[in-house]
Amino acid sequence: MKVCVAAAAAVTLFAAWLILVDARFVVEKSSIAVLSPHKMRTKRDGAIGNFGLPDYGGFIVGSVMYPAKGSHGCKVFDGDKPFKLQSHRPTIVLLDRGECYFALKVWHAQLAGAAAVLVTDSIDESLITMDSPEESSDADGYIEKIVIPSALIEKSFGDLLKDALNNKDEVLLRIDWRESVPHPDNRVEYEFWTNSNDECGARCDEQMSFVKNFKGHAQILERGGYTLFTPHYITWFCPPPFILSSQCKSQCINHGRYCAPDPEKDFGEGYEGKDVVYENLRQLCVHRVANESNRSWVWWDYVTDFHVRCSMKEKRYSKDCAEEVMKSLDLPLEKIKKCMGDPEADVENEVLKNEQQVQIGRGSRGDITILPTLVLNNVQYRGKLERTAVLKAVCSGFKETTEPSVCLSGDVETNECLERNGGCWEDKKANISACKDTFRGRVCECPVVNGVQYKGDGYTTCEAFGPARCSINNGGCWSETKKGLTFSACSDSKANGCQCPVGFIGDGNKCEDVDECKERSACQCDGCSCKNTWGSYDCKCKGNLLYIKEQDVCIERNGSRFGRFLAFVVIAVVVGAGLAGYVFYKYRLRSYMDSEIMAIMSQYMPLDQQNNVVHAEAQPLRQEGTV
């Protein structure tokens, strides 16, 4: 009886939320194209199933098969993998809706060898999302084992495929998930809607298993600035007439504003719904406070450690245990307490109020109604929360060529450059390729190698450009070495292009030696003998003549001696004139210095001649004095 009352109260809370909020559920889709027969070529949408592993960022091309018996897929198909064709193409099985769970149909098709499943609707209606069944003993055995993708298609499309198969046509389809997640730039923004409750069965186990397994990838992406991650938690509210009821008091905080169902669905024992709301609030504040100190990735450590150390199953789900975890991660307790506020106050809580607002879908994203839910670039992820599958979905949200290295690992994507170089240009000799692997495929883009930019269309041509181009594979130009001599058609003085050097002829990609002797383009002087060499020629003059290559003439060697003698004489004359000038200069300088010295000395030391003149002038004066 207690379980029924608790369940009824939970339903009341959820129903109140649905009534007061205009719920809008968005169906996430993949593109399905008919490749053959040609007369049927069309493109339709399929609603991605919320189980299995959709190939986000990829596609599958396969042949369609419709079972002759058991078209609903509710029973195991006869035979050993009857849907596994002998051809190299995978099999896409078409099944009818009805009679059993969607997931069970896909599971049976997977056992029979199907690579993907399309379930055709039984009525004309808008597409819906195929969800896994609620927790039951029947579903526990196969839900987690489904690894193939599936989608629901409209009845009209299903009938079209059936008609073609009845006419014995081979129907070839491409199911494409490459555009299922928007990829506008070099950063992926994603949200994870979760719950701190670990007593809610398979769904809670799934989300906690995902957090543990995905934590490493998430922290690498967050630390590198490749992603912006935000955790979220669903909350409900108690309708005003029930605020004072024991059910609302046990399941809600802040006077009925924020609520969660009773974990054990029993008001008489165990934990209460408000315990879950309070821990959800704490985990939100852990992320908010850690983000303020540029440590947003610590949320993953806290949630993982809390689940291990403070589990409900072990009766350690408490505030004290949570604070011990926070201390171990060096998180500021006081800041987190301030962020959480007073759960008993009759006021709005800023953090939880924001959660209720963002829970409502806006733009291309629908309302969050399923736990757990992953939102990538404002689009809800569909499929099993499995580490590799989610990483592929995250990687598909990056603009092409901006993906981090973790997205290009072998277990996440296929390197299309490994097969025929992706159809791009390559220089096998220099091991240079224009093929650049991306998560969704490849691009043909002329590379930059050791600072040298290659230019071209990337598919058929790429040419080195710039002054340093000759350092890499000789700029793609001709080059050859013979008998210790090397000639090249690449010139560092030119930014691009190849030109055969002097003595060779060709287009620069291939050069051949010019026979100057045969073409009579050199060594044409009288009596000269010409011998061709690789890249040049040898010319010898008759007699004792000397060959001047620049003028293609022969001159007398004696004349050359006379010239050298004449040059010697000229040099000797120039040197002699220089020495004479130097001696004359020294003599004039010495004379000038002597005269200056004499002038100075005459002012302080009178000469004898000067003394004599003075005495002769003074003598009469002395005689007059005697008289």
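In what follows, the structure referred to is the one given above.
Parameters and conventions
Residues numbered from 1 in each chain as written. Predicted model: local features only at pLDDT ≥ 70, side-chain atom pairs only at ≥ 80, totals over all residues. Heavy atoms only, no water. Pairing = 2+ DSSP bridges. Helix = DSSP H or I, 4+ residues; strand = E, 2+ residues; numbered from the N terminus. Disulfide = S-S within 2.5 Å. Buried < 20%, exposed > 50% of the residue type's maximum accessible area, 1.4 Å probe, protein only. Axes fitted to C-alpha atoms, helices over the stretch in contact; angles between N-to-C directions. Parallel < 35°, antiparallel > 145°, perpendicular 65-115°, else oblique. Left-handed = near helix turned anticlockwise from the far one by under 90°. Contact = heavy atoms within 4.5 Å. Nonpolar A, V, L, I, M, F, W, Y, C, P; charged D, E, K, R; others polar. Salt bridge = Lys/Arg side-chain N within 4 Å of Asp/Glu carboxyl O. Expected span 1.5 Å × (residues − 1). Arc of directions from axis to C-beta.

Draft legend 1. Inspection of the pairing of strand β22 (residues 485-488) at higher detail. Across four bridges, strand β21 (residues 479-482) lies against β22 in antiparallel orientation. Bridged to Thr481 within β22 is Thr486. The hairpin formed by β21 and β22 contains two residues between the paired strands, and Lys483 there has a positive phi angle of roughly 50°.

Draft legend 2. Representation of the state of the cysteines. For the coordinates displayed, the defined rule picks out 16 disulfides. Sulfur-sulfur distance for the disulfide between Cys310 and Cys321 comes to 1.9 Å. Taking the sign of the S-S torsion, -85° for the link of Cys310 and Cys321, the bridge is left-handed. Of this pair, Cys310 sits in the loop between α7 (298-309) and α8 (319-328) while Cys321 is found in helix α8, placing the two residues 11 residues apart along the sequence. Taken individually, Cys310 and Cys321 each receive the classification buried, so the pair is uniform in this respect. At a sulfur-sulfur separation of 1.7 Å, the disulfide partner of Cys525 is Cys528. Taking the torsion about the S-S bond as the criterion, the Cys525 to Cys528 disulfide, at about -100°, is left-handed.

Draft legend 3. Looking closely at the packing of helix α4 (residues 202-223) against α7. Closest axis-to-axis distance for the α4/α7 pair is 10 Å, and the angle between their directions is 150°. Here α4 is positioned roughly antiparallel relative to α7, judged by the angle of their axes. Crossing angle aside, the handedness with which α4 passes α7 is left-handed. Along its contact with α4, which presents Met208, Val211, Lys212, Phe214, Lys215, Ala218 and Gln219, the element α7 presents Trp300, Asp301, Val303, Thr304, His307 and Val308. When grouped by side-chain class, the residues that make up the contact of α4 with α7 number seven nonpolar, three polar and three charged.

Draft legend 4. Structural detail: the pattern of salt bridges. By the definition in use, this model includes 22 salt bridges. Arg97 is paired through a salt bridge with Glu125; the nearest N and O atoms lie 2.7 Å apart. Here Glu125 lies in the loop between β5 (116-120) and β6 (150-153) and Arg97 lies in the loop between β4 (91-96) and α2 (102-111), a separation of 28 residues in the sequence. Using a relative accessible area of 24% as the deciding quantity, one classes Arg97 as partly exposed. Here Arg365 and Glu191 are joined by a salt bridge, their closest N and O atoms 3.7 Å apart. Residue Arg365 is located in the loop between α10 (350-358) and β12 (373-376), and its partner Glu191 is located in strand β8 (residues 188-194); the two are separated by 174 residues in the primary sequence. The class for Arg365 is buried, based on a relative accessible area of 5%. Counted as one network, the salt bridges with shared partners bring together Arg97, Asp121 and Glu125.

Draft legend 5. Structural detail: helix α3 (residues 155-166). Helix length check: α3 (12 residues) gives 16 Å between terminal C-alpha atoms against 16 Å at 1.5 Å per residue, within 8%. Inspection of α3 places Phe157, Gly158, Leu161, Lys162, Ala164 and Leu165 among the buried residues, and these make up the whole buried set. One side of α3 carries all its buried residues, which in axial view fall inside an arc of 160°. Two residues or fewer after α3 comes Lys168, characterised by a positive phi angle close to 65°.

Draft legend 6. Highlighting the sheet that holds β4. The mixed closed barrel is built from seven strands, whose spatial order is β1-β2-β6-β5-β4-β3-β7. Between one strand axis and the next, the sheet turns by 40° as a mean value, whatever way the strands run. When strand β3 (residues 59-65) meets strand β7 (residues 172-176), the two strands line up antiparallel, connected through five bridges. Of the residues in β7, the one forming a bridge with Gly62 is Leu173. Sitting on the sheet, α2 is in contact with β4, β5 and β6, with an inclination near 140° to β5.

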